[in-house]
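Fold and geometry: a report
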Amino acid sequence: EAQVTQNPRYLITVTGKKLTVTCSQNMNHEYMSWYRQDPGLGLRQIYYSMNVEVTDKGDVPEGYKVSRKEKRNFPLILESPSPNQTSLYFCASSFWNNLGYTFGSGTRLTVV
Amino acid sequence: DAKTTQPPSMDCAEGRAANLPCNHSTISGNEYVYWYRQIHSQGPQYIIHGLKNNETNEMASLIITEDRKSSTLILPHATLRDTAVYYCIVRPRQGGSEKLVFGKGMKLTVNP
């Protein structure tokens with residue numbers, strides 16, 4: 001089944017403890033992206049990647065890192081999480097000719 | 001900033017057609033109209049997209065006005081499972097930052 005898989009689905013962590021949210025797609029998509037969703041603020045893009053080893057900042061990149069060493073994987077790294085990064089996170093992917101993005105099921109992160 | 005305007009909410013009776021409007025008066029010639037929906041806190045789901053011709057797929061129909069300044073998403077026979085937030089987005093088909101800018105969307109409630 002064609003899908004974008006995020007792990008974990010739920011995560012509670014403490015301030016400052018490094019964490020990684022994984023994202024993997026099995027559709028050979030070139031483009032991948034991370035979004036966060038907060039009440040009243042909607043979905044905002046954090047980082048995106050056009051292809052392997054090509055990444056760029058979205059609208060809210062502060063406090064996050066990404067890497068794209070393989071086409072299928074696009075992990076989101078929080079080196080020192082803070083409570084303001086408590087949010088619902090989504091990974092998305094698509095082909096370069098952009099026929100519509102496929103989103104993952106989401107990761108609900110709580111930083112205490 | 002989102003380049004589209006949608007009403008904040010709409011109700012529809014189950015089994016009836018749901019017509020969801022969207023204004024995009026500043027759309028440029030190379031920009032497509034995309035529709036996504038988000039059911040509760042699940043990942044957004046791609047519905048349909050179009051440039052200037054009307055489009056139909058298994059989920060919905062998209063009617064774009066001749067001047068392309070507005071469009072309507074039509075769910076021909078709404079069901080309770082169609083209750084969701086619907087997002088109308090305009091963007092180039094390819095090229096650029098590949099960013100999807102989600103506005104506030106429109107909450108569709110399908111009533112029994």
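Structural notes, computed from the coordinates. If you're wondering where the values come from, they're calculated on a predicted model, not measured in any experiment.

Let us now look at the sheet that holds strand 7 (residues 65–66) of chain A. Residue and element names in this part refer to chain A. Reading across the sheet, the four strands line up as 1-3-8-7 and stay open at both edges, with antiparallel pairing between neighbours. Single-partner strands in this sheet number two, and they are strand 1 (4–7) and strand 7. Pairing geometry for strand 7 and strand 8 (residues 76–78), over two bridges, is antiparallel. Note that in strand 8 the partner of V66 across the bridge is L76.

Right, let's get into the packing of aromatic side chains. Residues and elements named next belong to chain B. Under the defined criterion, the tally for this structure stands at 11 aromatic pairs over all chains. Centre to centre, the rings of Y36 and F102 are 5.9 Å apart; their planes meet at 65°, and the pair counts as edge-to-face. Of the two residues, Y36 sits in strand 3 (residues 31–38) while F102 sits in the loop between strand 8 (84–92) and strand 9 (106–111), which places them 66 residues apart along the sequence. F102 shares its class with Y36; the two are buried. With 5.1 Å between their ring centres and 90° between their planes, Y87 and F102 make a pair best called edge-to-face. Placement of Y87 in strand 8 and of F102 in the loop between strand 8 and strand 9 is noted, with a sequence separation of 15 residues between them. Grouping residues by exposure puts Y87 and F102 together as buried.

It is worth spelling out the environment of S80(A) at this point. By the element assignment, S80(A) lies in the loop between strand 8 and strand 9 (87–94). The spatial distance from the C-alpha of S80(A) to the C-alpha of T13(A) is 11 Å, given a sequence separation of 67 residues.

Residue and element names in this part refer to chain B. Pairing in this open sheet of four strands is antiparallel, and the strands run 2-7-6-5 from one edge to the other. Every other strand in the sheet has two partners, leaving strand 2 (18–23) and strand 5 (55–56) as the edge strands with one partner each. As paired elements, strand 5 and strand 6 (residues 61–64) share two bridges and run antiparallel to each other. Looking across to strand 6, one finds that E55 is bridged to L62.

So, on to the state of the cysteines. Scanning all chains against the criterion turns up two disulfides over all chains. Disulfide pairing places C23(A) opposite C91(A) at an S-S distance of 1.9 Å. Taking the torsion about the sulfur-sulfur bond, which here is approximately -75°, the covalent link between C23(A) and C91(A) counts as left-handed. Of the two residues, C23(A) is situated in strand 3 (residues 19–25) and C91(A) in strand 9; the sequence distance between them amounts to 68 residues. The class of C23(A) is buried, set by a relative accessible area of 2%. Residue C91(A) is classed as buried on the basis of its relative accessible area of 0%. In this model C22(B) forms its disulfide with C88(B); the gap between the sulfur atoms is 2.1 Å. Between C22(B) and C88(B) the sulfur-sulfur dihedral comes to about -85°; the bridge is accordingly left-handed. Of this pair, C22(B) sits in strand 2 while C88(B) sits in strand 8; the two residues are 66 residues apart in sequence, bridging distant segments of the chain. Judged by relative accessible area, C22(B) falls into the buried class, the value being 1%.

How each quantity is defined
Residues numbered from 1 in each chain as written. Chains lettered and ligands numbered in written order. Predicted model: local features only at pLDDT ≥ 70, side-chain atom pairs only at ≥ 80, totals over all residues. Heavy atoms only, no water. Pairing = 2+ DSSP bridges. Helix = DSSP H or I, 4+ residues; strand = E, 2+ residues; numbered from the N terminus. Phe/Tyr/Trp six-rings, centres within 6.5 Å; stacked < 30°, edge-to-face > 60°. Buried < 20%, exposed > 50% of the residue type's maximum accessible area, 1.4 Å probe, protein only. Disulfide = S-S within 2.5 Å.

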